[in-house]
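Residue-level listing of the chains:
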Amino acid sequence: MKRLTDLVSSGIGLLVLFPFLALIYILVRLDSKGPGFYRQIRVGKNNIDFGLWKFRTMRLNADQQGLLTVGGRDPRITRIGYYLRRYKLDELP
């Protein structure tokens, strides 16, 4: 029963948030060349890797151009990416 409640709740949440997520995706695509999403591999519990999808906030291949952690107004961050990071909206997907 708990699993069914989880599935129904998450389905309703996705339906409600879909227009907002679609708008963010469109803004990311209009702001710079490249895909709207960025896939990252992270290490989880018991050292098991998992894939994470985020809205792309940096220019293409920016992760290969320098620092891992960026702050302030890094030139590799797109205009819309600055606001997505500031309000943690890049983590929604």
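Up top is the structure.
Residues numbered from 1 in each chain as written. Predicted model: local features only at pLDDT ≥ 70, side-chain atom pairs only at ≥ 80, totals over all residues. Heavy atoms only, no water.

Turning next to the nonpolar core. Counting 6 residues, the largest nonpolar core consists of Leu-21, Ile-24, Val-28, Phe-55, Ile-80 and Leu-84. Looking at this core, the elements that each hand over two or more residues are α1 (2-31) and α2 (79-86). The element contributing the most residues to this core is α1, with 3 residues. Setting aside chain neighbours within four positions, we find Leu-84 in contact with Ile-24, Val-28, Phe-55, Thr-57, Leu-89 and Asp-90. (Core = buried A, V, L, I, M, F, W, Y, C linked by side-chain atoms within 4.5 Å. Buried < 20%, exposed > 50% of the residue type's maximum accessible area, 1.4 Å probe, protein only. Helix = DSSP H or I, 4+ residues; strand = E, 2+ residues; numbered from the N terminus. Contact = heavy atoms within 4.5 Å.)

All right, on to the packing of aromatic side chains then. Describing an aromatic ring pair means giving the distance of the ring centres and the angle of the ring planes. Under the definition given, this model contains 4 aromatic pairs. Geometrically, the ring pair formed by Tyr-82 and Tyr-83 is edge-to-face, given 5.0 Å between the ring centres and 85 degrees between the ring planes. Residue Tyr-82 is classed as partly exposed on the basis of its relative accessible area, which comes to 22%. Look at Tyr-83 and you get partly exposed, because its relative accessible area is 41%. Linked through ring pairs, Tyr-25, Phe-37, Trp-53 and Phe-55 together constitute an aromatic cluster. (Phe/Tyr/Trp six-rings, centres within 6.5 Å; stacked < 30°, edge-to-face > 60°.)

Keep in mind that most residues, glycine aside, have a negative phi and that most peptide bonds are trans. For Asn-47, which is not glycine, the phi torsion reads 60 degrees and is therefore positive. Tracing the backbone shows Asn-47 in the loop between β1 (37-43) and β2 (49-55). Residue Asn-47 is classed as exposed on the basis of its relative accessible area of 67%. If you check the backbone angles, Lys-88 has positive phi at about 60 degrees while not being a glycine. Checked against the element boundaries, Lys-88 lands in the segment after α2. Taking the relative accessible area as the measure of exposure, Lys-88 reaches 59% and is therefore exposed.

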